[in-house]
Amino acid sequence: MSTSDNAEVDTGFFARLVTLADSLVTGFDPVDLADNLVLSCLDFLPVVSAGIMLDDQRGHLRVLASSSEETRLLELFELQNNEGPCLEAFASGSGVLAPDLARESTRWPLFTAEAAGLSILGAYAIPMQLKDRTIGALNLFCDNLDGLTEAQVQLSRVMATMATLGILNHWTIRRQEVMAEQLQFALNSRVVIEQATGMIAERSGGSMATAFDRLRSAARASRRPLTDVATDVTRGRLKDL
Amino acid sequence: MTVDLTPDEALIASPFPQVVASGTMRGWLVDSVDATRDGPRSEKLVAAICSAVVSTPRYAKIAGVAVSRSWQGQYAGVLFASSPPARELDSLQETLGLGPGPSALREGAPVLVPDLDDDPRARSWVGFVEAVAPLGLSSVYALPIQVGASSLGLLTMHSQATFAMNDEALRDAVQLSDVLAIALLSPQLIDQSAGGSARDSELNKLLDGGHAVTHQAIGMVSVQLGGSVDDALAMLRAHAFATGAALVEVARLVVARELSFQDGEIGPGDPASGAGHADGAKGDDDDVDI
């Protein structure tokens, strides 16, 4: 994990940035891109977990990608439909920086209690925006009180912007209908992945986190989009994961 | 507005295409199918829901609404049409295999065309624009009715003038497709739920609000039943309804391996059998890796 915030950024970071940027123009799976982004956050920022939440147009924020599919972490992201940094970032359109959650127990009593149970001490939420419209937020959790530097917060904004462009992949979004189509497409892809993960966990008797890792490995080994491999699992075409 | 519906069309593609599993599970599913056909029928609910939509002021410009069933990404018969042009639009798209509807079914996402004469996709729908010209429509909104990987049907709205939906109308349309999914998959639950304002809260329980754990549980239960994700969702909803719990609460028990529908028998599950126990909301979480 790189925690440097000076000009000496390692080349691995640039290589990853190039790969992510390439995927924006070569055609891709929005869930794949979001998955890559949250894993990149773990590699290049001093955070212990990362997630991308998206407006589902039904009055909720939904998880599009999470650095772990462990159920309690997913539910901590979702709990922010009631209160928490993600909801505030989404509602206000501004970044919410809470490096010390112990100070926020009055502001977010439910969220801070649940976060403490998962050893999460700090939280950040960066809104994902296109023009004047907020479509979701990037959520980052820290397991220490060191917090993110200003440069690292800037990097989080770059990640959030790339996620936005990855989900709204038409460069000419002229109408909100097109935005609605693409948000629904991304979220439905995510549902297919959740169902496939449940099927793999049931067959293997393992955890959701392990089941998702198997799914991701299978997708990478065959160089196919995550959503395609997940669809094969839900349709019974792939049973040996 | 005329409710244009024939019983034959209404029965095309049962909401339970695969009656699977054994014992009590099979009995329950068969009962449900019977109930669907003779009592709380999907088509009645769909007709009631769509009739309410066309009379909503927000959709005053919508000239017609149709709901078709789908099966494996293809049209499987018109279930409801609020007007002859609405029926004709669905029939034409089914025949051509082209247009906003077939695209929406293929992509698993809405295809919303406020102006048929000014949409880049219209060029790839060879013959569609010409074929629907006599119907005199300018905008078509096609929304898949689905549960994750499983496509149940298609909601199509059209208007004669070009019509750009505002954000609120779009959100309503997306939520309408969710309610139609329940009407197609678990009509008896809507029928049994309380009337009036209490029905809203019952529906909200069924709609769930999109929790990841619900879809993880649907995947698990589909393997336990040896059936489809539709079967699994119908089973989870029925259990939630019968026990008065919210769908998400039932899903948490399944993922924690405290509730199982193995071989169609509702059981307590076997938490000791899987390392996944720590995943559960009630797990001990000593080995949580986040």
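This is a predicted model, so every value here is computed, not measured.

Cut-offs applied
Residues numbered from 1 in each chain as written. Chains lettered and ligands numbered in written order. Predicted model: local features only at pLDDT ≥ 70, side-chain atom pairs only at ≥ 80, totals over all residues. Heavy atoms only, no water. Helix = DSSP H or I, 4+ residues; strand = E, 2+ residues; numbered from the N terminus. Rg over C-alpha atoms; globule rule 2.2 N^0.38 Å. Buried < 20%, exposed > 50% of the residue type's maximum accessible area, 1.4 Å probe, protein only. Contact = heavy atoms within 4.5 Å. Areas by Shrake-Rupley, 256 points an atom, 1.4 Å probe, with all protein chains shown as cover. Polar contact = N/O pair within 3.5 Å; in protein donor to acceptor, adjacent residues only side chain to side chain. Axes fitted to C-alpha atoms, helices over the stretch in contact; angles between N-to-C directions. Parallel < 35°, antiparallel > 145°, perpendicular 65-115°, else oblique. Left-handed = near helix turned anticlockwise from the far one by under 90°. Nonpolar A, V, L, I, M, F, W, Y, C, P; charged D, E, K, R; others polar. Buried area = accessible area lost by both parts, 1.4 Å probe. Salt bridge = Lys/Arg side-chain N within 4 Å of Asp/Glu carboxyl O. Pairing = 2+ DSSP bridges. Domains from an automatic or database assignment.

## Description of the overall build of chain A
Along the backbone of chain A there are nine helices and five strands. Ordered by position from N to C terminus, the α and β elements of chain A give α-α-β-β-α-α-β-α-β-β-α-α-α-α. Here the C-alpha atoms of chain A give a radius of gyration of 17 Å, agreeing with the 18 Å that 2.2 N^0.38 yields for 241 residues. Buried positions account for 60% of the 241 residues belonging to chain A. Of the contacts made within chain A by residues no fewer than 6 positions apart, 62% connect residues no fewer than 24 positions apart. Total accessible area computed for chain A in this model is approximately 9,500 Å², and 52% of it derives from carbon and sulfur atoms.

## Quick notes on the side chain of B:His211
Along the chain, B:His211 turns up in the loop between helix H9 (196-207) and helix H10 (212-225). Within the structure, the side chain of B:His211 is placed 3.0 Å from the side chain of A:Glu78, a separation counted as a polar contact. Excluding residues within four positions of it along the chain, B:His211 makes contact with A:Arg62, A:Glu78 and B:Val248.

## Observations concerning the packing of helix H7 (residues 176-204) of chain A against helix H9 (residues 226-234) of chain A
Residue and element names in this part refer to chain A. The interhelical angle for the contact between H7 and H9, taken along N-to-C directions, is 50 degrees, at an axis separation of 8 Å. Here H9 runs oblique to H7, going by the angle between their axes. The chirality of how H7 crosses H9 is left-handed. On the side of H7, the interface is formed by Ser189, Val192, Ile193, Gln195, Ala196, Met199 and Ile200, while H9 contributes Leu226, Thr227, Ala230, Thr231, Val233 and Thr234. Among the residues making up the contact of H7 with H9, the classes are represented as eight nonpolar, five polar and no charged.

## Points about the interface of chain B and chain A
The partner chain A presents 47 residues to the 57 residues of chain B that form the contact. A combined buried area of about 4,100 Å² lies between chain B and chain A, and 51% of that area is made up of carbon and sulfur atoms. On inspection of chain B and its partner chain A, the count reaches two salt bridges. Two residues, A:Glu75 and B:Arg252, come together in a salt bridge whose shortest N-O distance is 2.8 Å. Elements with a contribution of two residues or more to the side of chain B that touches chain A: strand S3 (111-113), strand S4 (139-147), helix H7 (167-185), H10 and helix H12 (247-255) of chain B. The element that contributes the greatest number of residues to the side of chain B that touches chain A is H10(B), accounting for 10 residues. Residue composition of the side of chain B that touches chain A, by class: 26 nonpolar, 19 polar and 12 charged.

## A short note on the sheet that holds strand S1 (residues 49-55) of chain A
Either a parallel or an antiparallel arrangement is found when strands of a sheet pair, and the pairing is made through backbone hydrogen bonds. Residue and element names in this part refer to chain A. Strand order in the open sheet formed by five strands is S2-S1-S5-S4-S3, and the pairing between neighbours is antiparallel. Two strands close off the open sheet at either side, each with one partner strand: strand S2 (61-66) and strand S3 (96-98). Neighbour-to-neighbour, the strand axes of this sheet turn through a mean angle of 20 degrees, independent of strand direction. Relative to strand S4 (residues 122-130), S3 runs antiparallel, the two being bridged by three bridges. Note on S4: the bridge partner recorded for Leu97 is Tyr124.

## Section: the domain arrangement of chain A
Residue and element names in this part refer to chain A. Segmenting chain A into domains produces domain 1 (3-173) and domain 2 (177-234). Each partner contributes residues to the interface: domain 1 has 29 residues there, and domain 2 has 23 residues. Both sides of the domain 1 and domain 2 interface together cover about 2,200 Å² of buried area, and 59% of this is carbon and sulfur. Together, Gln57, Arg62 and Glu69 form the three largest contributors to the area buried by domain 1 at its contact with domain 2, with a combined 25%. Summed over the shared surface of domain 1 and domain 2, the result is three salt bridges. Every element with two or more residues in the side of domain 1 that touches domain 2 is listed here: helix H2 (30-44), S1, S2, helix H3 (71-79) and strand S5 (133-142). The leading source of residues in the side of domain 1 that touches domain 2 is H2, at six residues. In terms of residue class, the side of domain 1 that touches domain 2 is made up of 13 nonpolar, six polar and 10 charged.

## Side note on the sheet that holds strand S1 (residues 64-71) of chain B
Read across the sheet, five strands follow the order S2-S1-S5-S4-S3 (chain B) without closing on themselves; strand pairing throughout is antiparallel. A strand with exactly one partner marks an edge of an open sheet, and here the two such strands are strand S2 (74-81) and S3 of chain B. Strand-to-strand twist across the sheet, computed as the mean angle between neighbouring axes with direction ignored, equals 20 degrees. Helix-sheet contacts for H7(A) involve S3 and S4 of chain B, and the interaxial angle to S3(B) is about 170 degrees.

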